[in-house]
Amino acid sequence: MKGNWDLLFFCLPGIILTTIYHYIPIYGVQIAFRNYKAKKGIWGSEWVGLKNFERFFNSAQAWPTIRNTLVLSAYSLVASFPVAVILALLLNSFRHKRYRKVIQAVTYAPHFISTVVMCGMLILFLSPRLGVVNTVIKSMGGEAINFMGKSYMWRHIYVWSGIWQSMGWSSVIYFAALSGVSPEYHEAAIVDGATKFQRVLHIDLPFLAPTMTMLLILNCGSILSIGFEKAYALQNDLNMGVSEIISTYVYKVGLLNRDISFSTAIDLFNSVVNSILLITVNAITRRISENSLW
Amino acid sequence: MEVSKHLKRTRQDVVYDTIIFIILTFVLLIVAYPLYFVIISSFSDPVAVAGGKVVFFPIGFTLDGYKEVFKTSTVMRGFANSLLYTALGVSINLAVTMPTAYALSRKDFLLRKPITLFYMVTMFVGGGMMPTYIVIRDTGLLDTMWALILPGALGVYNMIVARTFFTTNIPQELMEAAKLDGCGNTRFFFYIVLPLSGAITAILFLYYGVGHWNSYFSALLYINDRTKWPLQLELRNILLLNSVNTTSKVMTEAELKEKERLEALKEMMKYSLIIISSIPVLVIYPFVQRHFVKGVMIGSVKG
């Protein structure tokens, strides 16, 4: 059969499901410009133009949630990015291969812990009364600290627990890339009297540049879409001032308050900013480093 | 790096190696200790855990925490639900993803480009939370397990991993030879491609499986009926939302002690709960870690 049209049947289930659950919602985004009422449906609901967006930007929540999202996301990115690269470089230049395998197996493991369990562990360890961290503090004569209730600690807890959970797994891709470094470079450098540290710094690290750029661009593109799951799980009334991010706000407004159009408008604003960031960062990196996504 | 083995290491290199050894050992301990601590705490006397006495080994070995978990019917129900959702979910994931990935790996498939584009777009553009919710509601999926299974039946990233696998592992000549013998695409896929796809099936099985098992967001959005809650939502109730009620009534010393013990037990049960909820992943992890990593590498090949 020419063109292999029968292969279309292979794709049909996926196309149907993706159309229904992905493309129809994209089409439904127009409710951001309407005053959506379930009874009237998407089409029947009254058209209100940019009113929902105006309402968001005039609300007291707008600036804090945008700021919290940006700060949390940027902090996460800036802190976790180098850790993964450094870990990969160290592992790659590590002499004890067996021990290295153990380290890798262990550092990958937290990646498979669910968000709920991860946050549950944090809350358990940091609990002011029975948590192990505070037990240690108290035994050294200090005062118990309500970690989860201190808003100035919340971001650090969020970011560094994230690094704990993901550094091993994020290093996999760099570690894999490093296997592409030709041994000849190292041999030549050894002959020239380069130390191991110099070789890691001047051979291995530059070799990772394209991979790093690619991942950096992708991460910047999702800077405002930082995960709902973990932020929501770690939220409480005391840290709300820093933990309320756009996605958690969208959830509360839309699903809990049933203010559906308003919620969609905030969500849409979020995706538009993401796309702009992705395109901008891509353009910048293309200009300065010749590496880019497209 | 064969040469370096024969050369004598300089003193600077020895220093470097030592420092790396120390750093990596430190990393290892930082990652491993909290996990280890959860394990030993789950077997220890609750009061000892609360008092910070459990450091390296379980103290006052007991299975009370586990017994407590097994007595909690909501957790058991959630566990059963999650097993069902994961098993069914992964089967559907594979049934949808594998054929699509195979079709898109075929260069002689006329619709390859448009369909690939159709999927690539979804990686960057989406409808967002509420529009998706409306569609799920209008298609009658609310409060059914299908809300957790159908919308994500095809993960684009996973599909690309599988497609890359097929492109590199199923030689085009094989297809041509089969065609000459009168074998059509469907037969070829079921009798030749699938039997050769053990590795990729394992990878997808695990990626999708861990995803289903660990996710709580979709259930939070779409499942209100508690009898249908997956385990992660029940866990959330116990691990995250459980506030310790401190009644202010005056108590005798014995009552106070009993209350403290109960509180500690409640706290310790959480450690056991964490272990039990992680069992499915823990059991397969050692066997499949290799495959997981392989998946990342296949996925990182730009395609």
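Residues numbered from 1 in each chain as written. Chains lettered and ligands numbered in written order. Predicted model: local features only at pLDDT ≥ 70, side-chain atom pairs only at ≥ 80, totals over all residues.

Tell me about the overall build of chain A, residues and numbers included.
When helices and strands are tallied, chain A shows 15 helices and two strands. Compactness check: chain A gives a C-alpha radius of gyration of 24 Å against a globular reference of 19 Å for 294 residues, more than 25% above the reference. When its C-alpha atoms are laid out on the principal axes, chain A stretches across 75 × 75 × 40 Å. Looking at chain A residue by residue over its 294 residues, the buried ones come to 40%. For chain A, long-range pairs separated by at least 24 residues make up 68% of all intrachain contacts whose partners lie at least 6 apart in sequence. (Helix = DSSP H or I, 4+ residues; strand = E, 2+ residues; numbered from the N terminus. Rg over C-alpha atoms; globule rule 2.2 N^0.38 Å. Buried ≥ 20, exposed ≤ 12 C-beta atoms within 10 Å, placed from the backbone. Contact = placed C-beta atoms within 7 Å.)

So what's going on with the overall build of chain B? Which residues, and what values?
Each helix and strand in chain B was counted, giving 15 helices and zero strands. A globule of 303 residues ought to have a C-alpha radius of gyration of about 19 Å, yet chain B, at 26 Å, is considerably larger. Considered along the principal axes of its C-alpha atoms, chain B spans approximately 90 × 70 × 35 Å. By the burial criterion, 38% of the 303 residues in chain B qualify as buried. Considering only residue pairs separated by 6 or more positions, chain B has 75% of its internal contacts joining residues 24 or more positions apart.

I'd love a proper account of the confidence of the model for chain B, names of residues and values included.
All names here are of chain B. Taken over all residues, the pLDDT of chain B has a mean of 86, while the share at 70 or more is 92%. Averaged pLDDT values for the elements of chain B fall to 50 in helix α1 (residues 2-6) and rise to 96 in helix α8 (residues 146-149). Confidence drops under a pLDDT of 50 for residues 243-248, and excluding neighbours within four residues, the segment shows one contact in the predicted structure. Among the prediction metrics, the complex's ipTM stands at 0.87, with pTM recorded as 0.88. (pLDDT = per-residue confidence, 0-100.)

Pulling in residues and values, what's your account of the interface of chain A and chain B?
Of the residues lining the interface, 74 residues belong to chain A; the matching set on chain B comes to 76 residues. Considering each element in turn, the side of chain A that touches chain B owes the most residues, 16 residues, to helix α1 (residues 7-28) of chain A.

Outline the packing of helix α5 (residues 73-105) of chain B against helix α14 (residues 231-240) of chain B, listing residues and values.
All names here are of chain B. The N-to-C vectors of α5 and α14 enclose an angle of 150 degrees; their axes lie 7 Å apart at closest approach. If you check the angle between α5 and α14, you find them roughly antiparallel. Listed contacts from α14 to T74, V75, G78, F79, N81 and S82 of α5 are L231, L233 and E234. Grouping the amino acids of the contact of α5 with α14 by side-chain chemistry returns four nonpolar, four polar and one charged. (Axes fitted to C-alpha atoms, helices over the stretch in contact; angles between N-to-C directions. Parallel < 35°, antiparallel > 145°, perpendicular 65-115°, else oblique. Nonpolar A, V, L, I, M, F, W, Y, C, P; charged D, E, K, R; others polar.)

Please give an account of helix α14 (residues 246-256) of chain A that cites residues and values.
At 3.6 residues per turn, the α-helix brings residues three or four places apart onto the same side. Within α14 of chain A, eight of the eleven residues are buried, leaving the element largely enclosed by the surrounding structure. Of the residues making up α14 of chain A, those classed as buried are I246, S247, T248, Y249, V250, Y251, V253 and G254 of chain A. Buried residues in α14 of chain A make contact with α4 (62-92), α12 (228-233) and α15 (260-289) of chain A together with α7 (129-138) of chain B. Positive phi appears at R258 of chain A, one or two residues downstream of α14 of chain A, with a value of about 60 degrees.

Account for the environment of A265 of chain A, with residues named and values stated.
Residues and elements named next belong to chain A. Inspection of the secondary structure puts A265 in helix α15. Separated by 187 residues in the primary sequence, A265 and V78 place their C-alpha atoms 29 Å from one another. If we ignore the near neighbours within four places in the chain, the residues touching A265 are A32, N52, F53 and F56.

Let's hear about the packing of α14 of chain A against α15 of chain A: which residues, and what values?
All names here are of chain A. For the pair α14 and α15, the least separation of the axes is 8 Å and the interaxial angle reads 165 degrees. Comparing the axis directions of α14 and α15 gives the class roughly antiparallel. Our pair here, α14 against α15, has a crossing hand that is left-handed. For the pair formed by α14 and α15, the contact residues are I246, Y249, V250, V253 and G254 on the first element and I260, F262, S263, I266, D267 and N270 on the second. (Left-handed = near helix turned anticlockwise from the far one by under 90°.)

Tell me what's going on with unusual backbone geometry, and back it up with residues and numbers.
Unlike most non-glycine residues, R258 of chain A shows phi in positive territory, near 60 degrees. Along the chain, R258 of chain A falls in the loop between α14 and α15. Owing to 12 C-beta atoms within 10 Å, R258 of chain A belongs among the exposed residues under this scheme. A positive phi angle, near 60 degrees, is found at D143 of chain B, a position not held by glycine. Within the element layout of this structure, D143 of chain B appears in the loop between α7 and α8. For D143 of chain B, a count of 14 C-beta atoms within 10 Å corresponds to the partly exposed category.

Please provide a residue-by-residue account of the nonpolar core, values included.
Counting residues in hydrophobic clusters, the biggest one holds 113 residues, and the most contacted among them are I266 of chain A together with Y102, A162 and A219 of chain B. Top element by residues in this core is helix α15 (residues 253-300) of chain B. It accounts for ten residues. Among residues more than four places away in sequence, those in contact with A219 of chain B are L148, W229, P230, Q232 and L233 of chain B. (Core = buried A, V, L, I, M, F, W, Y, C linked by C-beta atoms within 7 Å.)

Requested: an account of the environment of M118 of chain A, with residues and values cited.
Residues and elements named next belong to chain A. Here M118 lies in helix α6 (residues 115-126). M118 sits in the buried class, given 22 other C-beta atoms within 10 Å. Residues M118 and Q165, spaced 47 residues apart in sequence, show a C-alpha to C-alpha distance of 8.3 Å. When neighbours within four sequence positions are excluded, M118 is seen to be in contact with I113, S161 and Q165.

I'd like a rundown of helix α2 (residues 11-42) of chain B, residues and numbers included.
Residues and elements named next belong to chain B. Between its first and last C-alpha, α2 extends 46 Å over 32 residues, near the 46 Å set by a 1.5 Å rise per residue. Taking the largest bend as the criterion, α2 deviates by roughly 30 degrees, centred on A32, and proline P34 comes between one and four positions later. Among the residues making up α2, those that are buried are D13, Y16, I20, L24, V27, V31, V38, S41 and S42. (Expected span 1.5 Å × (residues − 1). Bend = angle between axes of the 7 residues up to and from the residue.)

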